[in-house]
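Geometric and topological summary
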Amino acid sequence: MSHPHPELTAPPTLPKGGLRVIPLGGLGEVGRNMTVFEYDGRLLVVDCGVLFPEDHHPGVDLILPDFAAIRDRLDAIEALVLTHGHEDHIGATPYLLRERGDIPLVGSRLTLALLESKFREHRLKNTVHHVVAAGDVISFGPFELEFVAVNHSIPDALAVAIRTGAGLVLHTGDFKMDQLPLDGRITDLNAFARLGEEGVDLFLTDSTNAEVPGFTTHEKDITPSLDRAFYNSSQRVIVACFASHVHRVQQVLDAAVKHGRKVAWVGRSMVRNMGIARELGYLTVPPGLIVDAKELGKLPPHQQVLISTGSQGEPLSALSRIAQRSHSFVHLEENDTVILASSLIPGNENAVYRVINGLSRLGANVVHKGNAMVHVSGHASAGELLYCYNIVKPRNVLPVHGEVRHMRANGDLARATGVPHDRVLLAEDGVVVDLVDGVASISGKVECGYVFVDGSTVGGISESSLKDRRILGEEGFVSVIVVVDTVTGKVLSGPEIHARGFAEEASKFDKVRGPLLAAVEQAMADGTTDTYQLQQTMRRVLGRWVGNQLRRRPMIVPVVVEA
Ligand SMILES: [Zn+2]
Ligand SMILES: [Zn+2]
């Protein structure tokens, strides 16, 4: 397998007739998926999603793919294909459209409807939509696209086959191979086989569950656990799940009907998405089942079900507010049942357990994937991936959608089915893969950083300011101010020291004032008159002292003022 090398430089000019693949997100992380295909000077983009920040991104709202590599070629984009409606695939689209608003958007009916609702929030108008369905073939410039039904944790997901003069590419998007899905729409292995017969030159495939042996459990198999949780509850039931998991919500609605309960949506995205899913016929709702959340509260508790957002412990979500007793109208009672019918995305563990503890403290019975089978994954496990490799028989493989360990495991599966060692490419974000004469290889690297959305600014905050925030959060802050006369070489005032975030008394810092004063006067005596250099002197002395005495590495802000 080829590995991404840090010494890679900008790729050479793409040979005529070659196809270039530029991953701008999603290779090396689960989130912000975005892949650019280049052929004959024209571009096709597949997916444009967001990544949700973790604890080491304090204050950041969202992380976007880095558009830098294509920013001066936005006019060359023929279309943006959205494989399905999950945030990690569509969430960054409004930010790309802010840069060029008329990029044609291609996706299934549900995917584009979910996207459309975002445009209103971003005040984007006159966007160009092409609704496609499984089996459709449609061309944009030199790219002929064919769509294939795949089964995932959201309805209406599509894989996309891309034909150009360079050959046939198959991108699975996110998928699994549930053979008994709720809507009967299975991953179309017939189409995969047909494309395989035609000859798939490059296969981009979902790595998320490549480390998980065997087959992903059927979605239907969680029905008994849901049923049991409802049966055991004599009070209210609150179910938290992803606001896009239409089939999971359908199962909860079915359980509610069976147990004689009414249902209300809680959380803005749940209300919005379920409205769309219902309107488009993806969700079957018997008349009278759904009531307004405030109306629901008037019913006896054993007739109530709330379906809520916040299954990942997001601090501002409905479930977190319920757990903190700060929700405006949902007040948890002793023996209410809370079901977290969702996965636990890596990085969210602490937040989720905090919510579970909060709910438990209030007396709720919490049912989650750790104590009942109330969730199955939306991604193919190793067994399913092996099937795919054997059916598609790809010539070259590029594992996508995963952390490095997932992509590596996926690459191992490809090799196990006979894909030659050097035809399995392990690339991370920014690593460029060229398909030339049927052979795919790594040809270089483009700029590809994290772009942070912080409040209303996009890309304004850098990794170094985040580092500052982390230091502030973990190590505290010390400032030191002196007023100097560089002519006489004397300190006229100070050092004045202020510290924040320290357990020690302020007087503790008195001990370092003498050494600071001496160091600054010595530096001036040695001929240093530049205030920046004097500040660096103070930073060194103070930093060393705090490190030795207090075992801390705070942010140090030295200020030298010339009198
Ligand atoms: Zn997905
Ligand atoms: Zn995804």
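Cut-offs applied
- Residues numbered from 1 in each chain as written.
- Chains lettered and ligands numbered in written order.
- Predicted model: local features only at pLDDT ≥ 70, side-chain atom pairs only at ≥ 80, totals over all residues.
- Heavy atoms only, no water.
- Buried < 20%, exposed > 50% of the residue type's maximum accessible area, 1.4 Å probe, protein only.
- Helix = DSSP H or I, 4+ residues; strand = E, 2+ residues; numbered from the N terminus.
- Arc of directions from axis to C-beta.
- Contact = heavy atoms within 4.5 Å.
- Donors = N, O, S within 2.8 Å, 3.2 Å for Na, K, Ca; no water.
- Tetrahedral: all angles 85-135°; square planar, octahedral: opposite > 155°, others 65-115°.
- Salt bridge = Lys/Arg side-chain N within 4 Å of Asp/Glu carboxyl O.
- Pairing = 2+ DSSP bridges.
- Core = buried A, V, L, I, M, F, W, Y, C linked by side-chain atoms within 4.5 Å.

Looking at helix 5 (residues 223-231), one finds that the buried residues are Ser225, Leu226, Ala229 and Phe230. Along the axis of helix 5, the buried positions cluster into a sector of 135°, meaning they face one direction only. Taken together, the buried residues of helix 5 touch strand 13 (237-240), helix 6 (246-258), strand 15 (304-308), strand 16 (337-340) and strand 17 (365-368).

Further remarks concern the coordination of the zinc ion (ligand 1). Metal coordination angles have textbook ideals: 109.5 degrees for a tetrahedral set of four donors and 90 or 180 degrees for an octahedral set of six. Only His84 (NE2), His86 (ND1), His152 (NE2) and Asp174 (OD) from the protein coordinate the zinc ion (ligand 1), and they sit 2.1 to 2.3 Å from it. Each of the four donor atoms bound to the zinc ion (ligand 1) contributes to angles spanning 90 to 166°, and the resulting shape is irregular. Written as a sequence motif, the donor residues of the zinc ion (ligand 1) are H-x1-H-x65-H-x21-D. Between the zinc ion (ligand 1) and the zinc ion (ligand 2), the interatomic distance is 3.3 Å, and Asp174 donates to each metal, bridging them.

On to the pattern of salt bridges, then. Counted by the stated rule, this structure contains 27 salt bridges. Residues Lys118 and Glu87 are paired through a salt bridge, measuring 2.7 Å at the closest nitrogen-oxygen approach. Here Lys118 is found in helix 3 (residues 109-121), whereas its partner Glu87 is found in helix 1 (residues 87-90), with 31 residues between them in sequence. The residue Glu403 makes a salt bridge to Arg405 at a minimum N-O spacing of 3.1 Å. Since its relative accessible area comes to 43%, Arg405 is described here as partly exposed. Within this structure, Glu144, Glu146, Arg163, Arg194 and Glu198 form a network of salt bridges that share partners.

The element strand 2 (residues 34-39) is extensively covered by neighbouring structure, given that six of its six residues are classed as buried. Neither face of strand 2 is open: one carries Met34, Val36 and Glu38, the other Thr35, Phe37 and Tyr39, and all of them are buried. In the sheet, strand 1 (residues 19-25) pairs with strand 2 via six bridges, with the strands oriented antiparallel. Directly across from Arg20, in strand 2, lies its bridge partner Glu38. In the sheet, strand 2 pairs with strand 3 (residues 42-46) via five bridges, with the strands oriented antiparallel. When the bridges of strand 3 are listed, Phe37 appears paired with Leu44. Where strand 2 hands over to strand 3, the hairpin turn is made up of two residues, of which Asp40 adopts a positive phi near 55°.

Take the nonpolar core next. Residues Val249, Leu253, Leu283, Val305, Ile307 and Ile339 are the most contacted members of the largest nonpolar core, which totals 67 residues. Among the elements that take part in this core, helix 6 stands out by supplying six residues, more than any other. When sequence neighbours within four positions are dropped, the list of residues in contact with Leu253 reads Val263, Trp265, Leu283, Thr284, Val285, Leu289, Ile290 and Ile307. Formed by 32 residues, the second largest nonpolar core is a distinct cluster that contains Phe140, Phe143, Leu202 and Val400.

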